[in-house]
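The chain contents come next:
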Amino acid sequence: MNRFPAAMVTSMAGTLAMVLWVNMERAHRHDVDPLWKITLAATLGITLFLSLKVFCEVKGYDAKKSRWLHIVAFAVLALYFVTLLDKLKGADFYRFYLINADLHLLVAIAPFLFERNLLNAFWQYNKTLFIRIGVSAIYSSTIYIGLVIAIVCLDKLFNLRIDEKIYFQLWLMVMGVFNTWFFLGGVPKNIRTLETDESYPKGLRIFTQFVLVPLVVLYYAILYLYMAKIIFTWNLPVGWLSSFIIGASLLGILTLLLIYPLRNRSEFGWIKTYARYFYMALLPLVVLMAVAIFRRIFDYGITIERYFVLLFTVWLFYISIKFTVRPETSIRIIPTSMCLLIVMATFGPLSAVSVSSKSQLGRLEYYLEKTGYLQNKTLIKGKRKMVFKDSAEISSIVEYLHNMHGLEILNRWAKKGEDFKYLNQFSFCQDYLGIDFIGRYQRGERDNQTMQYYFGYNAQQAVLRDLRGFDYLYDLQGIYRMAGGLKKTVATPDGNLEIFFPDGKNALEFRKGQNVLVIDFDPALARLRETKGSNGYSLTSDELTFDQDNEDFRIKLVLSAISGNYQNEIPKVETIYGQLYVKFKGKE
């Protein structure tokens, strides 16, 4: 507390705000954004004041100069607080995450700003912080679990009926106050003297060499196998790929940082070899990640999440090239370069919020002009005939803009006196424009991490069926996809009819002797997705009727339901219900 009073004060302020928020009735929590604003500003204050304090200590600033710098920092936090919107939006939280990440990186480099040397001190300082984070988590978790057990004992033994909110509030107090205090107590003093410290924890070396390094090699092997699959099958990468590459690369870089002081010791010669090939092997993966993210951007524009992936792609490419060409590059460039990139992503015209909003507004403008809802930069109300794809795209973009920025961002196209600030995506699309809002489930929209989603279509239930022209009616109680395919045999006085559902096709095969008739569902599924989205209810019987024949027999398949999953945009039928009409030709 004596060494980092400002950091502890902001920590306690943020904790108190969250404790008060949890204590409120759930129905009223959405009306207390000021408590969240205090929490966000206070959370940033912890790392800001920590960075400032260690910077002043290394530079040898006196108490007066240090005090003025802290006053300036308080003013910056106050400015951040007042610039937050009255009603917090998704963009506010993303901006907070970026600033918070930047300040955490600043903690790592603050004591060494404007210092040319002190490379060993840089490593020793950050090693100490890394270990202290783990120790703090262990102590805090132990205290929290112990107190929870004590509260449960009091509650059960004395029937106190303790409000369950207290467990979350206790977690906030332990992590917000105790954990912060304990961590700050282990921040190194006299940081310049660490330059002569050659100590290296044996446990850290064992953990890194025999746990982290094998894991990185394993992850790289999996990613290279997947890259080989992409090349062989020529399929585009799935959404999860970027997350896997970013995770594996960050773990690999952390591993190299942890063993950095051992690189010049003769008994650890493998470290230089590992480092050289790590960055060389990272380059193809970065290119693969670039292909994946640029494909998503080309199809759907830039969102804040895609901006982050693009940012990491650029940074990983730069780091890989830098350490491949110059292996002796200072490790300080790793947090410093990332810190500078995050600053660019947080503020100004190239920020994540600015770039993503311009991209999505551009896409929305295109679809509104295409469908006639935007003319001469002014929104025009009225119901218009439009294809499902356009409705789905407009709904998706409006929903994103509402969640991230609020629909007041669309006021640029409003008529005089109109304000969209208090509208949500539903009221804007349906009540204002007259567009049927297509929800995420109906439009089959996937987030960046999902590889498959459901589709299903159901027909209206008919009371009577016309059997004229057919010999037999067979009720399909359920045809399910099975490994190796599903086979059913329908016995009739005119011979057996075999029904086969191949595992690798969206089709039913009907066989009588050597004659085969195939009903392919793919054209119908493509048509239904275009007109109905991924889900359609109360369809007409004609929309789910398939009629084919050959020289031996005729098949009419009237489906009541068909469902399955899209996997990488390819439909895979799983279940079929309906009625089968059969006519054998050549009968008397």
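Residues numbered from 1 in each chain as written. Predicted model: local features only at pLDDT ≥ 70, side-chain atom pairs only at ≥ 80, totals over all residues. Heavy atoms only, no water.

Engineer: Teacher, can you tell me more about empty space enclosed by the protein here?
Structural biologist: Over the atoms rolls a probe the size of a water molecule, and its path tells where empty space is left. Evaluated as defined, the whole model comprises one cavity of 30 Å³ or more. Estimated volume of the largest cavity: approximately 30 Å³. Lining the largest cavity are Phe521, Ala524, Leu525, Leu528, Leu544, Phe546, Leu559 and Ile562. Broken down by secondary-structure element, the contributors of at least two residues to the lining of the largest cavity are α15 (522-532) and β11 (553-567). A total of three residues in the lining of the largest cavity trace back to one element, the largest contributor, which is α15. Split by residue class, the lining of the largest cavity holds eight nonpolar, no polar and no charged. (1 Å grid on protein atoms, 1.4 Å probe; cavity = no way out; pocket = protein on both sides within 12 Å on 5 of 7 lines; lining within 4 Å. Points joined across faces, edges and corners; volume = space filled by probe spheres on them. Helix = DSSP H or I, 4+ residues; strand = E, 2+ residues; numbered from the N terminus. Nonpolar A, V, L, I, M, F, W, Y, C, P; charged D, E, K, R; others polar.)

Engineer: Is there a simple way to explain the packing of aromatic side chains in this structure?
Structural biologist: Remark: the centre distance and the inter-plane angle together describe each pair of aromatic rings, the angle taken between the planes. The final tally for this structure, using the stated rule, is 28 aromatic pairs. A ring pair is formed by Phe420 and Phe428, whose centres lie 5.2 Å apart and whose planes are at 80°; its orientation type is edge-to-face. Between the aromatic rings of Phe521 and Phe546, the centroid separation amounts to 5.1 Å while the plane-to-plane angle is 80°, which identifies the pairing as edge-to-face. One end of the pair, Phe521, is in the loop between β8 (515-520) and α15; the other, Phe546, is in strand β10 (residues 545-549), and 25 residues separate them in sequence. Accessibility expressed as a relative area gives 12% for Phe546, which makes it buried. Sitting over the ring of Tyr260, Arg263 keeps its end group 3.8 Å from the ring centre. The lysine or arginine in question, Lys556, covers the ring of Tyr581, its NZ or CZ lying 5.8 Å from the ring centre. (Phe/Tyr/Trp six-rings, centres within 6.5 Å; stacked < 30°, edge-to-face > 60°. Buried < 20%, exposed > 50% of the residue type's maximum accessible area, 1.4 Å probe, protein only. Lys NZ or Arg CZ within 6 Å of the ring centre and 35° of its normal.)

Engineer: What's the story with the nonpolar core in this structure? I'm lost.
Structural biologist: As a rule of thumb, nonpolar side chains are buried together in soluble globular proteins. Counting 122 residues, the largest nonpolar core has Leu410 and Phe428 as the members making the most contacts within it. Among the elements that take part in this core, helix α9 (residues 270-300) stands out by supplying twelve residues, more than any other. Apart from the residues within four sequence positions on either side, Phe428 is in contact with Leu379, Val398, Leu407, Leu410, Phe420, Leu423 and Leu433. In this structure, Leu476, Phe510, Phe546 and Val582 belong to the second largest nonpolar core, which totals 32 residues. (Core = buried A, V, L, I, M, F, W, Y, C linked by side-chain atoms within 4.5 Å. Contact = heavy atoms within 4.5 Å.)

Engineer: Would you take a moment to explain the pattern of salt bridges for this structure?
Structural biologist: Between side chains of opposite charge, pairing is possible as soon as their charged atoms come close. With the rule as written, the count across this model stands at 15 salt bridges. Notably, a salt bridge pairs Glu115 with Lys59, separated by 3.0 Å at the nearest N-O pair. Pair noted here: Glu115 is in the loop between α4 (90-109) and α5 (119-158) and Lys59 is in helix α2 (residues 33-59), with a separation of 56 residues, a long-range link. Of the charged contacts in the structure, one is a salt bridge between Arg481 and Asp503, with a shortest N-O distance of 3.9 Å. In this pair, Arg481 sits in the loop between β4 (472-480) and β5 (486-492) while Asp503 sits in the loop between β6 (495-501) and β7 (507-512), placing the two residues 22 residues apart along the sequence. (Salt bridge = Lys/Arg side-chain N within 4 Å of Asp/Glu carboxyl O.)

Engineer: Would you mind going over α5 with me for this structure?
Structural biologist: Side chains that are three or four residues apart share a direction in an α-helix, a result of its 3.6 residues per turn. Taking 1.5 Å as the rise per residue, α5 with 40 residues should run 58 Å; its terminal C-alpha atoms sit 58 Å apart, in good agreement. Two residues or fewer past α5, Asn159 is found with a positive phi of approximately 50°. (Expected span 1.5 Å × (residues − 1).)

Engineer: Teacher, can you tell me more about unusual backbone geometry here?
Structural biologist: Glycine aside, the phi torsion of most residues is negative, and most peptide linkages are trans. A positive phi is found at Leu118, a non-glycine position, where the angle reads about 60°. Of note, Leu118 is situated in the loop between α4 and α5. Although it is not a glycine, Arg161 adopts a positive phi angle of roughly 55°.

Engineer: Please clarify how the environment of Asp466 should be interpreted in this entry.
Structural biologist: Tracing the sequence through the fold places Asp466 in the loop between β3 (452-459) and β4. Separated by 100 residues in the primary sequence, Asp466 and Tyr366 have C-alpha atoms spaced 48 Å apart.

Engineer: Would you mind showing me how to read the sheet that holds β6 here?
Structural biologist: Sheet strands pair via backbone hydrogen bonds, and the direction of the pair is either parallel or antiparallel. Strand order in this open sheet of four strands is β5-β6-β7-β8, and the pairing throughout is antiparallel. Edge strands, defined here as strands with exactly one partner in the open sheet, are β5 and β8. Strand after strand, the sheet turns through a mean of 20° between neighbouring axes, direction not considered. Inspection of the sheet shows β5 paired to β6 by seven bridges, in the antiparallel sense. Paired with Val490 across the bridge in β6 is Leu497. (Pairing = 2+ DSSP bridges. Axes fitted to C-alpha atoms, helices over the stretch in contact; angles between N-to-C directions.)

Engineer: Could you clarify how one ought to interpret the packing of α4 against helix α10 (residues 304-325) in this entry?
Structural biologist: Packed helix pairs are specified by the crossing angle of their axes together with the interaxial distance, meaning the distance between the axes. Remark: α4 packs on α10, axes separated minimally by 11 Å, with the N-to-C direction vectors making an angle of 20°. One finds that α4 runs roughly parallel with respect to α10. The chirality of how α4 crosses α10 is right-handed. Residues Ala91, Tyr94 and Leu98 of α4 touch α10, and the partners they reach there are Ile304, Glu305 and Phe308. Across the contact of α4 with α10, the residue classes break down as five nonpolar, no polar and one charged. (Parallel < 35°, antiparallel > 145°, perpendicular 65-115°, else oblique. Left-handed = near helix turned anticlockwise from the far one by under 90°.)

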